[in-house]
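A look at the structure
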Amino acid sequence: MSDETIWRSEYAIETSANAETIWTIFCDVPAWKTWNAGIEQIDINGPFAAGTWFTMKPPGEEALRSQLIEVRENACFVDETRVGDLVVRVAHRIESVGPGRTRIVYAVDARGPQASEIGPAVASDFPEVLASLAKLAETTRARESDQR
């Protein structure tokens, strides 16, 4: 019998910002800390592409090394963090839900020892992060429209 556990959850928010605007924000990894309070410091070691590693330090915690394992422009990126036998993957999806409406989804999949404790801890601020991301995307989109 395995002691591995699995924990999954999804969080979503709808916005008037388009996929391209959201994607531009996702690609600017060093700026994540300006809209995600769960990041004190972040550094990416290459392009925003599958296979690239980044290091993220949450406030008051040790830095974690993660890898982009899937990147699809204007649609989705997935990052993976491994701590011992625990693997946490977060899919960040951009979905059209109709004219002028976009859904941003963060889907968490934690597998391994303590997944049922670590998964909820990782995702605990996702509602606030998504709200902050949507607000930034809407502000950015409005600014882009005003410049036209």
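Everything below is about the structure printed above this text.
Please read all numbers here as calculations on a predicted model, not as lab measurements.

**Description of the side chain of Asp109**
Note that Asp109 resides in strand β7 (residues 101–112). Of the residues examined, Asp109 reaches a relative accessible area of 17% and is grouped as buried. For Asp109, the side chain forms a polar contact with the side chain of Arg111, separated by 3.0 Å. Not counting residues up to four positions away in its chain, the partners in contact with Asp109 are Trp7, Arg8, Val87, Val88 and Arg89.

**A word on the pattern of salt bridges**
Taken as a whole and assessed by the stated rule, the structure comprises eleven salt bridges. Between Arg8 and Asp109 there is a salt bridge, and its shortest N-O distance comes to 2.8 Å. Of the two residues, Arg8 is situated in strand β1 (residues 5–15) and Asp109 in strand β7; the sequence distance between them amounts to 101 residues. Its relative accessible area of 53% is what places Arg8 among the exposed residues. For Arg101, the salt bridge goes to Glu14, with nearest N and O atoms at 3.7 Å. With Arg101 in strand β7 and Glu14 in strand β1, this residue pair connects regions lying 87 residues apart in the sequence.

**Here's the deal with the nonpolar core**
Core analysis: the largest hydrophobic core is formed by 31 residues, its most contacted members being Phe26, Trp32, Trp35, Phe48 and Tyr106. At the level of elements, α1 (19–27), α2 (32–35), β6 (86–98), β7, α3 (115–123) and α4 (126–146) are the ones that each hand at least two residues to this core. Discounting residues that sit within four places of it in the chain, Trp32 has contacts with Ile25, Phe26, Ile39, Ile42, Phe48, Phe54 and Phe77.

**A few points about the pairing of strand β4 (residues 64–72)**
Look at any regular strand and the pattern is simple: side chains alternate between the two faces of the sheet. Direction of pairing for strand β3 (residues 53–57) relative to β4: antiparallel, over a ladder of four bridges. Its bridge partner being in β4, Phe54 is matched across the sheet by Ser66. In sequence, β3 turns back onto β4 through a hairpin of six residues, with Gly60 there showing a positive phi of about 75 degrees. Relative to strand β5 (residues 76–83), β4 is paired through six bridges, and the arrangement is antiparallel. Note on β5: the bridge partner recorded for Leu68 is Asp79. Where β4 hands over to β5, the hairpin turn is made up of three residues, of which Asn74 adopts a positive phi near 60 degrees.

The rules behind the values
Residues numbered from 1 in each chain as written. Predicted model: local features only at pLDDT ≥ 70, side-chain atom pairs only at ≥ 80, totals over all residues. Heavy atoms only, no water. Helix = DSSP H or I, 4+ residues; strand = E, 2+ residues; numbered from the N terminus. Buried < 20%, exposed > 50% of the residue type's maximum accessible area, 1.4 Å probe, protein only. Polar contact = N/O pair within 3.5 Å; in protein donor to acceptor, adjacent residues only side chain to side chain. Contact = heavy atoms within 4.5 Å. Salt bridge = Lys/Arg side-chain N within 4 Å of Asp/Glu carboxyl O. Core = buried A, V, L, I, M, F, W, Y, C linked by side-chain atoms within 4.5 Å. Pairing = 2+ DSSP bridges.

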